[in-house]
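Next come the chains, spelled out residue by residue.
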Amino acid sequence: MYNAKAYSAASKESPLAFTTIPRREPTESDVQIEILFCGICHSDLHQVRDEWSEVMPTVYPCVPGHEIVGRVTKVGSAVTGFKPGDLAAVGCMVDSDRTCPECQAGQEQFCPNFILTYNFPDKHLGGVTYGGYSDSIVVDQKFVLQVPNNLDLAGVAPLLCAGITTYSPMRHWGVTKGKKVGIVGLGGLGHMGVKFAHALGAHVVVFSTSPNKKEDALRLGADEVVISRNADEMEKQTGSFDFILDAVSADHDINAYINLLRRDGNLTLVGAPNKPLAVAAFALIMGRRSLSGSPIGGIAETQEMLNFCGEHGITADVEVLPIQKVNEAYERLLKSDVKYRFSIDMASLKSEQ
Ligand SMILES: NC(=O)c1ccc[n+]([C@@H]2O[C@H](COP(=O)([O-])OP(=O)(O)OC[C@H]3O[C@@H](n4cnc5c(N)ncnc54)[C@H](OP(=O)(O)O)[C@@H]3O)[C@@H](O)[C@H]2O)c1
Ligand SMILES: [Zn+2]
Ligand SMILES: [Zn+2]
């Protein structure tokens, strides 16, 4: 065991603050990574403030962070794909049972026994897993991803959650050229959704509550931008979408978007507000529309997504910040004031004692 530097929250009311945490010495199948950048996902904020207490209650102290990119510092004797000095990345999962049908199918995100990167039982050290707001992490090689070497690392980190969470449902629901795709909420997930839908050849419409994001949405790859508070603009889009990805972090009216789907169209929720959303039966009945959810993606698909980003030169648009500004960043997330993902430069942890 060794101590790593980290930022943790002591309770749901506490700001994140410097601490040290135990990490295991790498076992034979482990990869030890020096973390260079970690993205700030809105899920980190939900979890730190225990907003998902009914589904995933938070265990304190909580070290969030599941958009991790860094450099390998040590590998166990059985590790094949990584050596010291290589780039490596870790997303939302660090383990699963590897034997259930979902794991066998390469869909670890549905494994009933998966271990998330933070706030899940740590079978090695006891207690819970600690995430990427830290200078170091040790993860089994099966859950470590290869990073294309042509991409900016600060912008790669968010691909590990915001990237795969938007890429996976688009592949599942067949987003391709000729499809009309809506993206609701231009935050961390939403802006990656725009980039992927555009790269997959779809006609992309962004729905935003923030009029000041219009130019950015077009630059990111949107063909149209609708300010969702404008009823006339919304009305014009009725019944026209094959697929809508809803990436909103707070309570909102999803019926307004279900009504924009054409026959057999699908709306997938990736945003995870803590309060239940009301669904109007007739919005779904008329047009045989469907409503789904989607969690992150499996390890193989995450690697496919990273390779796709390497080929297409896709990274997140990031605002790089030192970890000392993380609490300020959380307040800005709550105001939809992020362009379009915060990425923590972990070199800033070096000055903390
Ligand atoms: N399914 C999964 O596996 C998964 C993975 C990661 C994250 N998530 C969840 O996805 C959600 C989004 O995460 P994120 O990191 O992308 O968050 P984010 O960067 O904060 O973006 C959320 C966006 O939602 C819009 N929004 C915020 N409040 C709103 C409101 N009251 N009404 C309407 N729109 C509002 C804003 O976009 P505009 O300014 O454009 O309106 C905002 O930028 C979170 O709930 C997160 O927990 C789920
Ligand atoms: Zn996330
Ligand atoms: Zn499994």
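Worth saying up front: this structure is predicted, and the values here are computed from it rather than measured.

As for the site of ligand 1
Around ligand 1 sit 31 residues, and of these His42, Ser208, Thr209, Ser210 and Arg341 come closest. At 2.7 Å from an oxygen atom of ligand 1 is found a main-chain nitrogen or oxygen belonging to Leu186. Gly188 places a polar main-chain atom, nitrogen or oxygen, 2.8 Å from an oxygen atom of ligand 1. For the shell around ligand 1, the element with the highest residue contribution is helix H1 (residues 42–48), accounting for 3 residues. Looking at the shell around ligand 1 residue by residue, the class counts come to 14 nonpolar, 14 polar and 3 charged.

Focus on the packing of aromatic side chains
This model, assessed by the stated rule, comprises 6 aromatic pairs. An aromatic cluster of three or more residues is present, and its members are Tyr167, Phe196 and Phe308. Positioned above the aromatic ring of Phe241 is the side chain of Lys180, whose terminal nitrogen or guanidinium carbon lies 4.6 Å from the ring centre.

Focus: helix H10 (residues 299–312)
Over its 14 residues, H10 runs 20 Å from end to end, which matches the ideal 20 Å to within 8%, given 1.5 Å per residue. Looking at H10, one finds that the buried residues are Ile299, Glu301, Thr302, Gln303, Met305, Leu306, Phe308, Cys309 and Gly310. Contacts from the buried residues of H10 go to strand E6 (93–95), helix H3 (153–156), helix H4 (162–172) and helix H5 (188–199). One or two positions beyond H10, positive phi appears at Gly313, with a value near 65 degrees.

Focus on unusual backbone geometry
Residue Tyr60 is joined to Pro61 through a cis peptide bond whose omega torsion reads 0 degrees. Structurally, the position occupied by Pro61 is in the loop between H1 and strand E4 (68–75). Of the consecutive residues Lys339 and Tyr340, the connecting peptide bond is found in the cis state with omega at -10 degrees. Within the element layout of this structure, Tyr340 appears in the loop between helix H11 (326–334) and strand E16 (341–345). Of note, Asn119 is a non-glycine position whose phi angle comes to about 65 degrees, a positive value.

Side note on the nonpolar core
Nonpolar side chains in soluble globular proteins tend to end up buried together. By size, the foremost hydrophobic cluster in this structure holds 102 residues, and its most contacted members are Ile40, Tyr133, Val156, Met170 and Phe196. With near-sequence residues (within four places) excluded, Met170 lies in contact with Val175, Ile183, Gly193, Phe196, Ala197, Leu200, Phe243 and Leu245. Within the second largest apolar cluster, 16 residues are counted, among which are Val226, Ile258, Leu261 and Leu267.

What counts as what
- Residues numbered from 1 in each chain as written.
- Chains lettered and ligands numbered in written order.
- Predicted model: local features only at pLDDT ≥ 70, side-chain atom pairs only at ≥ 80, totals over all residues.
- Heavy atoms only, no water.
- Near = heavy atom within 4 Å.
- Polar contact = N/O pair within 3.5 Å; in protein donor to acceptor, adjacent residues only side chain to side chain.
- Helix = DSSP H or I, 4+ residues; strand = E, 2+ residues; numbered from the N terminus.
- Nonpolar A, V, L, I, M, F, W, Y, C, P; charged D, E, K, R; others polar.
- Phe/Tyr/Trp six-rings, centres within 6.5 Å; stacked < 30°, edge-to-face > 60°.
- Lys NZ or Arg CZ within 6 Å of the ring centre and 35° of its normal.
- Expected span 1.5 Å × (residues − 1).
- Buried < 20%, exposed > 50% of the residue type's maximum accessible area, 1.4 Å probe, protein only.
- Contact = heavy atoms within 4.5 Å.
- Core = buried A, V, L, I, M, F, W, Y, C linked by side-chain atoms within 4.5 Å.

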